[in-house]
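As a plain string of letters, each chain reads:
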Amino acid sequence: MEKRVTILLPNGRRQNVIVTANMTLLEILETACTKHGYDSEEHCLKFHNKDVCLTQQFRFSGLPNNCVLEMEPTKKRRIVSNVVVCIQLSDGSREQGEFAPNDTLWQVVQKLCGSQVSTFASPIIIYMRSEVIGQQNMEQTTLKSLGILDGRAMMRLIDKKPEDLKTQANVYKPPEVQAKPKGDDEQPSTSRSAASGAGGGGFALTSNLIKSLKRTAPEVNADAENDEEMPSEKDEQPEAPKYDWGSGSGYSLHNAAATPMQMDNDADDSPGSAPPVVNVIGPRQAVLFSLDATQKQSDELPDSFFDLTVNDLKMVLRDLKRTSAGDDDAPLLTAKLRELERQKTMLAKLNQYKDCVLRIQFPDRFVLQGMFKPHETLAKVEDFVREFLVHPSEEFNLFTIPPKKVLPTDETLLELNCVPNAVLHFAFLKDDLNTENHRFVLEKFMDQLTSEEGAHYAVQKYRCTRATVSASS
């Protein structure tokens, strides 16, 4: 492809100059000045109002093709000074001398390496990426044409045929990978890619690492090799919903598909412990508990719990693959498609969850818990809360954090993304009623507090009861 630049002259005219990769910017300036009668020693080139180095070759200047360069007069005439040229021979020896920029390469070679160059069949000078082949070309090439105007320059003098220059030297040949015989106890490879072990930035599980992990995890049996490929049925099943309230302790909230058989299994695991006491204080399975009275269990785990096993690393690798493939392959969606996806998600939640658990947290760290239907509006929740307030006539807001977002009363719990559970915060519109020493819930309900563990158990028991009723009907 032919490259050219446009020179904007001081008189307003434009001059197109055809350039090559090894052409210096000084040659471009001299070409334009010669055609229009300007002195190249009194002018310079600028690109976007910035001076460009005239000694650079076009390939290293960073200028794009078809660019526009402004030619402007300099404040003072360019001074020509001698340069120090060093020539390196093929045996590694170096010769240097001082020359004028208008001297030719052949004069430089004859002065520094006259005895050696007389024995060369095809002498070649290599400077940067410019190759000057033969005596005739050296006599026509000056140091100035190579961009050597001041300072020092390093060149190489070799004796080689021009066609041999096309052969690249010191080409790296990667070693061949020898196939290792598979032993009986060889583990499947769990590396991210075949090239990650060669410094590709990934990670790989070596055989030594797997053996050391096996010593720390004796429960991994011999058929762990079959667990490498996860069954497709497990991947297709939706993940079980988790009801983690952040500060909960004791019973974990299972999904809506829990059965009484699971309750019996939980009871068998701890035959000596009785279920927590649950005090229902109103409709919708309402319970009240205090976060300050919660006694969190701090079980100390042994150090062996934090040792990674082979199965743990397999799960990490599987999650990494899912994460990398999920975002990169996701198509761009329009507003209508995004709304359609949102409606599909809402329908899936309606099909999976028949009710939702809401916890309303007051500023004094008391929490009121109740059960609601996904299609009910937030106004129903506010009516439920008013039954327990000391000042039911005062206006209040329910909001979520962070960031603080006041929820509208006319939208359903499903539209507010409160399904299957949510924690809502309570605040009066009057700021003087929101102090921590102010009482929010009626005093008669303070004597019927339930522990946070009991609140978890109440939700679990309610869901199991609803599942049993739905299965029998």
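Residues numbered from 1 in each chain as written. Predicted model: local features only at pLDDT ≥ 70, side-chain atom pairs only at ≥ 80, totals over all residues. Heavy atoms only, no water.

Engineer: With reference to specific residues and values, describe the layout of surface pockets.
Structural biologist: Approximately 470 Å³ is the volume found for the second largest pocket. As for the second largest pocket, its lining consists of 23 residues, and the residues nearest its centre are C44, L54, T74, K76 and R78. For the lining of the second largest pocket, the leading source of residues is strand β3 (residues 43–47), giving three residues. Of the residues in the lining of the second largest pocket, the class split is ten nonpolar, four polar and nine charged. Composition of the lining of the second largest pocket by domain shows at least three residues from each of domain 1 (3–73) and domain 2 (83–159). (1 Å grid on protein atoms, 1.4 Å probe; cavity = no way out; pocket = protein on both sides within 12 Å on 5 of 7 lines; lining within 4 Å. Points joined across faces, edges and corners; volume = space filled by probe spheres on them. Helix = DSSP H or I, 4+ residues; strand = E, 2+ residues; numbered from the N terminus. Nonpolar A, V, L, I, M, F, W, Y, C, P; charged D, E, K, R; others polar. Domains from an automatic or database assignment.)

Engineer: An account of the pairing of strand β10 (residues 152–159) is needed here, citing residue identities and associated values.
Structural biologist: Within a regular beta strand, the side chains point alternately toward one face of the sheet and then the other, so they alternate between its two faces. Taken together, the five bridges between strand β6 (residues 83–88) and β10 define a ladder with parallel strand orientation. Across the sheet, residue I87 finds its bridge partner in β10, namely M155. Sheet topology places strand β8 (residues 123–127) next to β10; four bridges connect them, and they run antiparallel. For I125, the partnering residue across the bridge sits in β10 and is L157. (Pairing = 2+ DSSP bridges.)

Engineer: Describe the nonpolar core, listing the residues and the values that go with them.
Structural biologist: In terms of nonpolar packing, the biggest core is built from 35 residues, with L358, F362, V381, V385 and F426 touching the most fellow members. When contributions to this core are tallied by element, the ones reaching two or more residues are β12 (356–361), β13 (366–372), α9 (378–386), β14 (396–400) and β16 (421–428). Setting aside residues up to four positions removed in sequence, V385 forms contacts with I360, F362, L368, F396 and F426. Core analysis: the next-biggest nonpolar cluster, separate from the first, contains 22 residues, V83, V85, I87 and F99 among them. (Core = buried A, V, L, I, M, F, W, Y, C linked by side-chain atoms within 4.5 Å. Buried < 20%, exposed > 50% of the residue type's maximum accessible area, 1.4 Å probe, protein only. Contact = heavy atoms within 4.5 Å.)

Engineer: Kindly report on unusual backbone geometry, identifying the contributing residues and their values.
Structural biologist: Looking along the chain, the bond that leaves I401 and enters P402 is cis, with omega of -20 degrees. Structurally, the position occupied by P402 is in the loop between β14 and β15 (405–406). The step from P402 to P403 runs through a cis peptide bond, and the omega angle for that step is -15 degrees. Take P403: it is sitting in the loop between β14 and β15. Its identity is not glycine, yet H48 carries a phi of approximately 55 degrees, on the positive side. The residue H48 is located in the loop between β3 and β4 (50–51) in this model. Even without a glycine there, the phi angle at N66 is positive, about 65 degrees.

Engineer: Kindly report on the pattern of salt bridges, identifying the contributing residues and their values.
Structural biologist: This structure, assessed with the given rule, holds 15 salt bridges. Across the pair R77 and D39 runs a salt bridge, and its minimum N-O distance is 2.5 Å. Taken together, the residues R77 in the loop between β5 (68–73) and β6 and D39 in the loop between α1 (25–36) and β3 connect sequence positions 38 residues apart. Judged by its relative accessible area of 45%, R77 is partly exposed. (Salt bridge = Lys/Arg side-chain N within 4 Å of Asp/Glu carboxyl O.)

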